[in-house]
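Residues per chain, in single letters:
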Amino acid sequence: PVLITTLGFEVSDAATKLCEKFWPGGLTLIVRAAPSLGWDLGESSGTVALRVPNDEFALELLRNVGPMAVSSANTHGRPPANSATEAYEMLGETVSVYVNDGAARPGAPSTIVDATGPIPALVRVGAISIDSIRSVVAETALRRAKA
């Protein structure tokens, strides 16, 4: 998986297995950011959250422009926006570009796994169940990351 090895640093075998199984799809992996990653990601403590969406429009956009630093369309602690208009109302000028692909599709948010430590830690259960994650990396969720 080129994305994870390009943007991530010292990526674990567990993280690689998870992205091979669930990308594109509803999995967000937190990994250590590659030293060469020059993006200003705010206060990320040297990590980057990576996701490959299972959406043809988004995949085509990524094929054309490469990896993008994007917001999850909400401010911390608030529910995600369901449209570009709602995202703009919440985030305003702090975001450079909004892509309006219509209203959000119903469904669960992505499952987030912190793969920065020796044992992957579940941050948020979403589109991919704990059982599905454990079927790939059995030791996942023996500890729970701080949300």
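Residues numbered from 1 in each chain as written. Predicted model: local features only at pLDDT ≥ 70, side-chain atom pairs only at ≥ 80, totals over all residues. Heavy atoms only, no water.

Moving on: the overall build of the protein chain. Within the protein chain, the regular secondary structure consists of five helices and five strands. Residue burial in the protein chain is summarised as follows: out of 147 residues, 34% are buried. Long-range pairs, those at least 24 residues apart, make up 44% of the contacts in the protein chain with a sequence separation of at least 6. Summed over its atoms, the accessible surface of the protein chain is roughly 9200 Å², and 53% of this surface lies on carbon and sulfur atoms. (Helix = DSSP H or I, 4+ residues; strand = E, 2+ residues; numbered from the N terminus. Buried < 20%, exposed > 50% of the residue type's maximum accessible area, 1.4 Å probe, protein only. Contact = heavy atoms within 4.5 Å. Areas by Shrake-Rupley, 256 points an atom, 1.4 Å probe, with all protein chains shown as cover.)

With respect to the element layout, aspartate 114 can be found in strand S4 (residues 111-114). Reaching out from aspartate 114, the side chain makes a polar contact with the side chain of threonine 116 at a distance of 2.5 Å. (Polar contact = N/O pair within 3.5 Å; in protein donor to acceptor, adjacent residues only side chain to side chain.)

Moving on to helix H2 (residues 13-22). Within H2 the residues assigned to the buried category are Ala14, Ala15, Leu18, Cys19 and Phe22. The arc that holds the buried residues of H2, viewed along the axis, is 130°, so those residues lie on one side. Summarising the geometry of H2, the exposed residues directed more than 90 degrees from the buried face are Asp13, Glu20 and Lys21. (Arc of directions from axis to C-beta.)

Before going further, it helps to spend a moment on the pairing of strand S2 (residues 27-33). Counting buried residues along S2, five of its seven residues qualify, which places the element largely inside the surrounding structure. Here S2 pairs with S4 via four bridges, running parallel. Paired with threonine 28 across the two strands is isoleucine 112, which belongs to S4. Note that S2 and strand S3 (residues 47-51) share five bridges and pair antiparallel. (Pairing = 2+ DSSP bridges.)

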